[in-house]
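# Analysis of the macromolecular model
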Amino acid sequence: MQGKIALEEHFSIEDTLMDSAGFLGEHVWEELKSRLLDIHGKRLAQMDQHGIEITILSLNAPAVQAIADRKRAYDVARKANDFLAEQVRKNPRRFQAFAALPMQDPERATREYERCIKELGFVGALVNGFSQIDDPKSAVYLDLPQYRDFWGVVEKLDYPFYLHPRNPLPHMAQIYEGHPWLLGPTWAFGQETAVHALRLMGSGLFDKYPGLKIVLGHLGEGLPYSIWRVDNRNAWTKAKPKYPAKRKIGEYFQQHFWLTTSGNFRTQTLIDAMLEIGSDRILFSTDWPFENIDHAAIWFDAATISELDRQKIGRLNAKALFKL
Ligand code: MN
């Protein structure tokens, strides 16, 4: 399929480059490094070769979210956003941008988001899960009350917010002890991000801001497969939900979430997501440079779905959602 739009596609600046070291093994670090630092070379050639017209770029992970010092988090976010804006200006027909945000300081994060949308022409934000704030051992999640005003501005500016994975901190990760192979994209990314998304849904955030739009990668971090059970466990007890939100969790999932195919190139999983959330809410993505563009595109172009759904997921949904 020609004209695809991809939106979980990462780059890095020197300050955040080493955050991506160690994930995929020493033997590919040189290649990964060159992919992360490249925008207009190999990346664009891969897009051309595999029918991707537009890529929405975002900073690597955990990057800004892992900088416990508030001032430095703010400085690095601004630097990354300025760098990204400059790259998009070089080729705006092919590249668009998501803001990196210093959630360590909700007020500064809000102002930086406004700057990115209004002055730099970005089309949303991508945040890597919880933030470490002051204490490197802290993990502050986005459903907490200090972020309510931030979310109000996100709703008002009417662009989506991409909730992207990061690993749990070592002291939060006893379940993975002795099994480091489960960290990262194998399992921990999905578990961490799915719970974060459920926290947002249960917190009442979407009752307060009914226009909020959240994007999840990896075909929903396992949520499409599990969302029915979240609401329907032990139904015979007729117990009232124990969370502050007003409605069923599945209703928030269906009305506020969009899912991308990043790093999850599996037709069976795609069809499950389509059955739960609908083909209007699924978007093509690759997760370059951690996954290959050819693996994503060759799979997607041949996946056994209708041509109308392929057009929607490959291009039309993103065009509408990001006003491209
Ligand atoms: Mn990613």
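Residues numbered from 1 in each chain as written. Predicted model: local features only at pLDDT ≥ 70, side-chain atom pairs only at ≥ 80, totals over all residues. Heavy atoms only, no water.

### Some points on the coordination of the manganese ion
Taken together, Glu8 (OE), His10 (NE2), His164 (NE2) and Asp287 (OD) make up the full set of protein donors to the manganese ion, lying 2.0 to 2.3 Å away. Sequence positions of the donors to the manganese ion reduce to the motif E-x1-H-x153-H-x122-D. Overall, the relative accessible area of 1% leaves histidine 10 in the buried class. (Donors = N, O, S within 2.8 Å, 3.2 Å for Na, K, Ca; no water. Buried < 20%, exposed > 50% of the residue type's maximum accessible area, 1.4 Å probe, protein only.)

### Considerations on the packing of helix α5 (residues 106-118) against helix α6 (residues 148-157)
The contact between α5 and α6 brings their axes to 9 Å, and the two run at 10 degrees. The orientation of α5 relative to α6 falls into the category roughly parallel. Here the hand of the crossing between α5 and α6 comes out right-handed. Contacts from Ala109, Thr110, Tyr113, Glu114, Ile117 and Lys118 in α5 reach Phe150, Val153, Val154 and Leu157 in α6. Across the contact of α5 with α6, the residue classes tally to 7 nonpolar, 1 polar and 2 charged. (Axes fitted to C-alpha atoms, helices over the stretch in contact; angles between N-to-C directions. Helix = DSSP H or I, 4+ residues; strand = E, 2+ residues; numbered from the N terminus. Parallel < 35°, antiparallel > 145°, perpendicular 65-115°, else oblique. Left-handed = near helix turned anticlockwise from the far one by under 90°. Contact = heavy atoms within 4.5 Å. Nonpolar A, V, L, I, M, F, W, Y, C, P; charged D, E, K, R; others polar.)

### Some points on the nonpolar core
Formed by 93 residues in total, the largest nonpolar core has its most connected members in Tyr113, Trp151 and Phe161. A total of 7 residues in this core trace back to one element, the largest contributor, which is helix α4 (residues 70-90). Sequence-distant contacts of tyrosine 113, defined by excluding residues within four places in its chain, comprise Ala99, Leu101, Gly124, Ala125, Phe150, Val154, Leu157, Tyr159 and Pro160. (Core = buried A, V, L, I, M, F, W, Y, C linked by side-chain atoms within 4.5 Å.)

### A word on the packing of aromatic side chains
All told, the structure shown has 15 aromatic pairs when counted by the stated rule. Aromatic rings pair up to connect Tyr113, Phe150, Trp151 and Phe161 into one cluster. Here the guanidinium or amino end of arginine 108 rests over the ring plane of tyrosine 74, the centre of that ring lying 4.5 Å away. (Phe/Tyr/Trp six-rings, centres within 6.5 Å; stacked < 30°, edge-to-face > 60°. Lys NZ or Arg CZ within 6 Å of the ring centre and 35° of its normal.)

### Description of helix α7 (residues 188-202)
In this model, α7 (15 residues) spans 21 Å end to end at C-alpha, consistent with the 21 Å of a helix rising 1.5 Å per residue. α7 sits mainly inside the fold: 11 of its 15 residues count as buried. Of all the positions in α7, only Ala188, Phe189, Gly190, Glu192, Thr193, Ala194, His196, Ala197, Leu200, Met201 and Gly202 are classed as buried. Downstream of α7 by one or two residues, glycine 204 has phi in the positive range, about 90 degrees. (Expected span 1.5 Å × (residues − 1).)

### Considering helix α11 (residues 267-277)
Looking at α11, one finds that the buried residues are Thr267, Leu270, Asp272, Ala273, Met274 and Ile277. Residues of α11 that are buried sit in contact with α9 (223-232), α10 (249-256), β9 (257-260), β10 (282-283), α12 (293-302) and α13 (307-321). Of the residues one or two after α11, glycine 278 is the one with positive phi, at around 95 degrees.

Note that every value here comes from positions in space, so none of it alone points to a role or purpose.
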